[in-house]
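Structure at a glance
Listed below, chain by chain, are the residues.
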Amino acid sequence: MIKGLGLDLCEINRIQQNWERFKSRFIQKILTEKEIEQLPQNPVPRLAALFAGKEAAVKALGTGFSGGIHFHCIEILHTSSGKPEIFFLGKGLKKFAEIGATSAHITLTHSRDTAAATVVLEG
């Protein structure tokens, strides 16, 4: 049974502007250490996709970024084959359990101008 569904779009130029202005401060605000370790040489498209993924995740939880749920409560890592996987941490994990979710699925994509993500929570 689907317990939550979230979708988000992100403009890559918006992330590019934040990247150019704030660099590591921006990355550290939105990414976990493990996510930072996986960034490619040109990080902006991946950053936009991860940003969209985290926005989609809080929509799927039904909380938005509130109640102590923040960017570091969601972690999106890529397997060696490139498949994204989503994990909830801290208060995000607590809310995940409260809504009866037992598994989470994510898909990420980006084009030249936008990045998108969909998150499905099942239970």
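Analysis parameters
- Residues numbered from 1 in each chain as written.
- Predicted model: local features only at pLDDT ≥ 70, side-chain atom pairs only at ≥ 80, totals over all residues.
- Heavy atoms only, no water.
- UniProt positions renumbered as here; feature names shortened; annotations may be inferred.
- Helix = DSSP H or I, 4+ residues; strand = E, 2+ residues; numbered from the N terminus.
- Polar contact = N/O pair within 3.5 Å; in protein donor to acceptor, adjacent residues only side chain to side chain.
- Contact = heavy atoms within 4.5 Å.
- Axes fitted to C-alpha atoms, helices over the stretch in contact; angles between N-to-C directions.
- Parallel < 35°, antiparallel > 145°, perpendicular 65-115°, else oblique.
- Left-handed = near helix turned anticlockwise from the far one by under 90°.
- Nonpolar A, V, L, I, M, F, W, Y, C, P; charged D, E, K, R; others polar.
- Salt bridge = Lys/Arg side-chain N within 4 Å of Asp/Glu carboxyl O.
- Buried < 20%, exposed > 50% of the residue type's maximum accessible area, 1.4 Å probe, protein only.
- Expected span 1.5 Å × (residues − 1).
- Core = buried A, V, L, I, M, F, W, Y, C linked by side-chain atoms within 4.5 Å.

**A word on the UniProt feature "domain: 4'-phosphopantetheinyl transferase" (unreviewed entry) in the protein chain**
Mapped onto the present numbering, the UniProt feature "domain: 4'-phosphopantetheinyl transferase" (unreviewed entry) falls at residues 4-100. Structurally, residues 4-100 is divided into 52% helix and 19% strand, and its ends, taken at the C-alpha atoms, are 10 Å apart.

**Comments concerning the side chain of Asp8**
Considering the arrangement of structural elements, one finds Asp8 in strand E1 (residues 2-11). Within the local environment of Asp8, its side chain forms a polar contact with the side chain of Lys59, the two groups lying 2.9 Å apart. When neighbours within four sequence positions are excluded, Asp8 is seen to be in contact with Ala52, Glu55, Ala56, Lys59, Ala115, Ala116 and Ala117.

**Examining the packing of helix H1 (residues 12-22) against helix H4 (residues 44-61)**
Relative to each other, H1 and H4 sit at 110°, their axes nearing to 9 Å. As judged from the angle between their axes, H1 and H4 are roughly perpendicular. For the pair H1 and H4, the crossing hand works out as right-handed. Mapping the contact onto sequence places Ile12, Arg14, Ile15, Gln16 and Trp19 in H1 and Val44, Leu47, Ala48 and Phe51 in H4. Its residues assigned to classes, the contact of H1 with H4 comprises 7 nonpolar, 1 polar and 1 charged.

**Examining the pattern of salt bridges**
Per the stated rule, a full pass over the model turns up 3 salt bridges. A salt bridge links Glu35 to Lys54; the shortest N-O distance between them is 2.8 Å. Taken together, the positions of Glu35 in helix H3 (residues 33-37) and Lys54 in helix H4 put the pair 19 residues apart, joining distant regions of the chain. In terms of burial, Glu35 and Lys54 fall into one category: buried. The salt bridge involving Lys95 is made with Glu98; its shortest N-O contact spans 4.0 Å. With Lys95 and Glu98 both in helix H5 (residues 90-98), this residue pair falls 3 residues apart, about one helical turn. A relative accessible area of 52% places Glu98 in the exposed class.

**What about the UniProt feature "binding site: Mg(2+)" (unreviewed entry) in the protein chain?**
Taken from the UniProt record, the annotation "binding site: Mg(2+)" (unreviewed entry) applies to Asp8 and Glu55. Spanning 48 residues, the annotated positions come together in the fold, the maximum distance between their C-alpha atoms being 6.2 Å. According to the relative accessible area criterion, Asp8 is buried, its value standing at 11%. Once you skip the residues sitting within four places of it in the chain, Glu55 turns out to touch Asp8 and Phe65.

**So, H4**
Taking 1.5 Å per residue, 18 residues should reach 26 Å; H4 reaches 26 Å between its end C-alpha atoms and fits that length. Burial analysis of H4 places 16 of its 18 residues in the buried class, which makes it a mostly covered element. One or two residues past the end of H4 sits Gly62, with phi positive at roughly 85°.

**Comments concerning the nonpolar core**
Counting residues in hydrophobic clusters, the biggest one holds 36 residues, and the most contacted among them are Ile15, Leu47, Ile86, Phe88, Val119 and Leu121. Breaking this core down by element, the ones donating at least two residues are H1, helix H2 (24-30), H4, strand E2 (74-78), strand E3 (84-88), strand E4 (103-110) and strand E5 (114-122). Sorting elements by how many residues they give to this core places H4 first, with 12 residues. Beyond its immediate sequence surroundings of up to four residues, Leu121 is in contact with Met1, Ile2, Lys3, Gly4, Ala60, Leu61, Phe88, Phe96, Ile99, Ala101, Ser103 and Ala104.

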